[in-house]
There are 4 protein chains.
Amino acid sequence: MYTTTTEIRIHYALTDQMGVVYHGHYAQFYEIGRGEAIREIGYTYKDIEAMGIIMPVVDIHSRFLRPAKYDDLITVKTTLRELPAHHKIVFHSEIYNEAGDLLNTGDVTLYFMEAKGMKRCEMPKALKDKLQKYFPAKD
Amino acid sequence: MYTTTTEIRIHYALTDQMGVVYHGHYAQFYEIGRGEAIREIGYTYKDIEAMGIIMPVVDIHSRFLRPAKYDDLITVKTTLRELPAHHKIVFHSEIYNEAGDLLNTGDVTLYFMEAKGMKRCEMPKALKDKLQKYFPAKD
Amino acid sequence: MYTTTTEIRIHYALTDQMGVVYHGHYAQFYEIGRGEAIREIGYTYKDIEAMGIIMPVVDIHSRFLRPAKYDDLITVKTTLRELPAHHKIVFHSEIYNEAGDLLNTGDVTLYFMEAKGMKRCEMPKALKDKLQKYFPAKD
Amino acid sequence: MYTTTTEIRIHYALTDQMGVVYHGHYAQFYEIGRGEAIREIGYTYKDIEAMGIIMPVVDIHSRFLRPAKYDDLITVKTTLRELPAHHKIVFHSEIYNEAGDLLNTGDVTLYFMEAKGMKRCEMPKALKDKLQKYFPAKD
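Residues numbered from 1 in each chain as written. Chains lettered and ligands numbered in written order. Predicted model: local features only at pLDDT ≥ 70, side-chain atom pairs only at ≥ 80, totals over all residues.

Engineer: A description of the overall build of chain A should follow, citing residues and the corresponding values.
Structural biologist: Scanning chain A from terminus to terminus reveals 3 helices and 8 strands. Compactness check: chain A gives a C-alpha radius of gyration of 16 Å against a globular reference of 14 Å for 139 residues, within 12% of the reference. Overall size of chain A, expressed as C-alpha extent along the three principal axes, is 45 × 40 × 25 Å. The burial tally for chain A puts 38% of its 139 residues in the buried class. Of the contacts formed within chain A by residues at least 6 apart in sequence, a portion of 69% connects residues at least 24 apart. (Helix = DSSP H or I, 4+ residues; strand = E, 2+ residues; numbered from the N terminus. Rg over C-alpha atoms; globule rule 2.2 N^0.38 Å. Buried ≥ 20, exposed ≤ 12 C-beta atoms within 10 Å, placed from the backbone. Contact = placed C-beta atoms within 7 Å.)

Pasting the structure below:
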């Protein structure tokens, strides 16, 4: 299992007239969390794109438990529960406020695809190598 | 069953550097579709709020099949499959491009809540009355 | 002078916790207005990009007079006051609510640039030809 | 003069299909910079709203010199050049990339207004007191 955390300060643009963060913006929080999760193993999503691979999102499931509010410093906890075997990778996100309340969870599934030709492919080996140590072989 | 359709023209702000609509923006398309679905029965979400009732989103599940692109005129087909019995309502959305390809589906669950006190409540009777004819009693 | 109008319905995502449209979203309204202005002369910005020309924004000046609110049907009036002589084009936008109140004005300056090489260029001749009739020669 | 700096990492949602940050998002960068500028003197915009005062934006002027790109870590430098005498305050923003290139400048004018009644008012005294030391009296 590989887990990282990232903090995001809620600015005004993210709120709506209900006085809370608009539900549609949580997908961005997951994205920021994923990006930092990749960065922390010494890689960036930008590097992946530079290798000619893109990672389109194919499925998102979000559950909204409590609202995030203006000026909250939220924590996005991003977890990779399994090393992807094929072209598919799933990130699990949990979002907490400063009091430690769980506000939201999200499961985001992405594919690895070759930008040219748009064919599904495997996770780049260099990235997989860096992640391997978080997923010890079971026997 | 109650179904309506709405068209949305994709502007530049909705695209990302993959050259397609950013996945996080589909929640807005569902919202626009829901808003127009309510408007077409002679009501608005604004009316609902004026009655002291808000409808927070509690769950969204999106599946991304094909990308929407800049300048596409997409159609959001919004369906209410069941009349809500209690405080919960589920809208099903399908998004098509001009060629009729299904690009995306979304299931959005919202609660009816009293803005004051934030207690769950039933769908306003006036709104339910207008929807009733689309859901004939089975016998 | 060349003027067109476009209507936009304000959805929830565009509001903020002040209960009005977030100021940062007006740039999108100008963009939508410009896009429709070009479409109405029988062209699209997408066509321009397909010719290898992009139009980055280099300057925006917005004045906020009255707020737009949720569910407002705003009208964006887009005016081209002069045919561009060189690589620069300026669109003037005025945004009105349904009561006809002026809510906002914006002046947006864009450049015509060759996507390859990123060199400034002239407005495509085909587009200029279509606009010419709105700008009769003075003598 | 009072100046602060804040860093923002560009995520995918902020890019558009030109491969750069969409011009309409810079207003959010100015907002984040202003918010942090207020926080650094021991105050928050949230505190100001809790006092019954809101600060609507009345004018923005942006100049776009170079594009910001995906994964750039931009620096927003926010400057208050004068202590507001009346209901009006102007923040000047400069945005730099990691190489130190100036990408964008923005001047944002806001009003102080009483949320109830929407009447213009002065900057809250507590906030002005904290800023005073950055603006020594001239003689």
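Engineer: Could you give me a rundown of the interface of chain D and chain A, with the residues and numbers involved?
Structural biologist: At the junction of the two partners, chain D supplies 11 residues and chain A supplies 11 residues. A breakdown of the residues in the side of chain D that touches chain A according to their chemical character gives 4 nonpolar, 4 polar and 3 charged. (Nonpolar A, V, L, I, M, F, W, Y, C, P; charged D, E, K, R; others polar.)

Engineer: Give me the lowdown on unusual backbone geometry, citing residues and values where you can.
Structural biologist: Residue and element names in this part refer to chain D. Backbone geometry places Asp71, a non-glycine residue, at a positive phi of 75°. Here Asp71 is to be found in the loop between β3 (57-64) and β4 (73-80). Given 17 C-beta atoms within 10 Å, Asp71 falls into the partly exposed group.

Engineer: So what's going on with the sheet that holds strand β2 (residues 53-54) of chain D? Residues and values would help.
Structural biologist: Residue and element names in this part refer to chain D. Strand order across the open sheet formed by 3 strands is β2-β7-β8, with antiparallel pairing between neighbours. Strands with a single pairing partner mark the edges of an open sheet, and in this sheet they are β2 and β8 (119-120). Judged from the 2 bridges that link them, β2 and strand β7 (residues 113-114) form a sheet pairing that is antiparallel. Across the sheet, Ile53 pairs through a bridge with Glu114, a residue of β7. (Pairing = 2+ DSSP bridges.)

Engineer: Can you lay out the relation of the copies chain D and chain A for me, pointing to particular residues and giving the numbers?
Structural biologist: The two copies are related by a screw operation: chain D maps onto chain A through 180° of rotation and 0.0 Å of translation along the axis, at an RMSD of 0.0 Å. Here the two chains are linked by the operation of a two-fold rotation axis. Within chain D, Ile8(D) has its C-alpha nearest the rotation axis, a separation of 5.1 Å. Both copies share a contact surface, since 100% of the interface residues of chain D are interface residues in chain A too. (Least-squares fit on C-alpha atoms with pLDDT ≥ 70 in both.)

Engineer: Can you break down the environment of Lys133(C) residue by residue, with the values?
Structural biologist: Mapped onto the secondary structure, Lys133(C) falls in the segment after α3 (125-132). For the pair formed by Lys133(C) and Met1(C), sequence separation is 132 residues and the distance between their alpha carbons is 9.3 Å.

Engineer: Lay out the relation of the copies chain A and chain B in plain terms, naming residues and giving numbers.
Structural biologist: Mapping chain A onto chain B calls for a rotation angle of 180° and an axial translation of 0.0 Å; the resulting RMSD is 0.0 Å. The share of interface residues of chain A whose copies in chain B are also at the interface is 100%, consistent with both copies meeting through the same surface.

Engineer: Would you mind going over the confidence of the model for chain A in detail, with residue names and values included?
Structural biologist: With 99% of its residues at a pLDDT of at least 70, chain A reaches an overall mean of 96. Interface confidence for the predicted complex, given as ipTM, is 0.95, next to a pTM of 0.96. (pLDDT = per-residue confidence, 0-100.)

Engineer: Run through the nonpolar core, naming residues and quoting values.
Structural biologist: The biggest cluster of nonpolar side chains holds 126 residues, and the ones touching the most others in it are Ile74(A), Ile74(B), Ile74(C) and Ile74(D). Those residues in contact with Ile74(C) that sit more than four places away from it in its chain are Glu7(C), Ile8(C), Ile10(C), Ala68(C), Ile95(C), Tyr96(C), Asn97(C) and Leu103(C). (Core = buried A, V, L, I, M, F, W, Y, C linked by C-beta atoms within 7 Å.)

Engineer: Which residues make up the pairing of strand β6 (residues 102-111) of chain A, and what values go with them?
Structural biologist: All names here are of chain A. In terms of strand pairing, strand β3 (residues 57-64) meets β6 through 7 bridges, oriented antiparallel. Each residue of the ladder has a partner; that of Val57, found in β6, is Leu110. Across 9 bridges, the pairing between strand β5 (residues 88-96) and β6 is antiparallel. Within the sheet, the bridge partner assigned to Tyr96 lies in β6 and is Leu102. Linking two consecutive strands that pair antiparallel, namely β5 and β6, is a turn of 5 residues; a positive phi of about 85° is found at Gly100 within it.

Engineer: If you had to explain the sheet that holds strand β2 (residues 53-54) of chain B to someone new, which residues and values would you point to?
Structural biologist: All names here are of chain B. Pairing is antiparallel across the open sheet formed by 3 strands, whose spatial order is β2-β7-β8. Pairing within the sheet leaves two strands with one partner each, and these edge strands are β2 and β8 (119-120). Two strands pair when backbone bridges link them, and strand β7 (residues 113-114) and β8 are joined in this way by 2 bridges, in the antiparallel orientation. Directly across from Met113, in β8, lies its bridge partner Arg120.

Engineer: Please set out helix α1 (residues 26-40) of chain B residue by residue, giving values where relevant.
Structural biologist: Residue and element names in this part refer to chain B. Here α1 is 15 residues long and its end C-alpha atoms lie 21 Å apart, about the 21 Å a rise of 1.5 Å per residue gives. Counted residue by residue, α1 has 12 buried out of 15 residues, so it is predominantly covered. Considered for burial, the residues of α1 that qualify are Tyr26, Ala27, Phe29, Tyr30, Glu31, Ile32, Gly33, Arg34, Gly35, Glu36, Ala37 and Ile38. Two residues or fewer past α1, Gly42 is found with a positive phi of approximately 90°. (Expected span 1.5 Å × (residues − 1).)

Engineer: Run through the interface of chain A and chain B, naming residues and quoting values.
Structural biologist: Between chain A and chain B, the contact holds 16 residues from the first and 16 residues from the second. When contributions to the side of chain A that touches chain B are tallied by element, the ones reaching two or more residues are α1 (26-40) and β3 of chain A. Counting residues per element, the side of chain A that touches chain B draws most heavily on β3(A), at 8 residues. A class-by-class count of the residues in the side of chain A that touches chain B yields 8 nonpolar, 5 polar and 3 charged. Where β3(A) and strand β3 (residues 57-64) of chain B come together, 5 bridges link them in antiparallel fashion. The residue bridging Ile60(A) from the neighbouring strand is Ser62(B), located in β3(B).

Engineer: So what's going on with the pairing of strand β5 (residues 88-96) of chain B? Residues and values would help.
Structural biologist: As paired elements, strand β4 (residues 73-80) of chain B and β5(B) share 6 bridges and run antiparallel to each other. Bridging across to β5(B), Lys77(B) finds its partner in Glu94(B).

Engineer: Describe the environment of Ala68(A), and please don't skip the residues or the numbers.
Structural biologist: All names here are of chain A. Position of Ala68 among the secondary structure elements: in the loop between β3 and β4 (73-80). Distance in space between the C-alpha atoms of Ala68 and Tyr96 is 8.6 Å, their sequence separation being 28 residues. Apart from the residues within four sequence positions on either side, Ala68 is in contact with Ile10, Val20, Val21, Ile74, Asn97 and Leu103.

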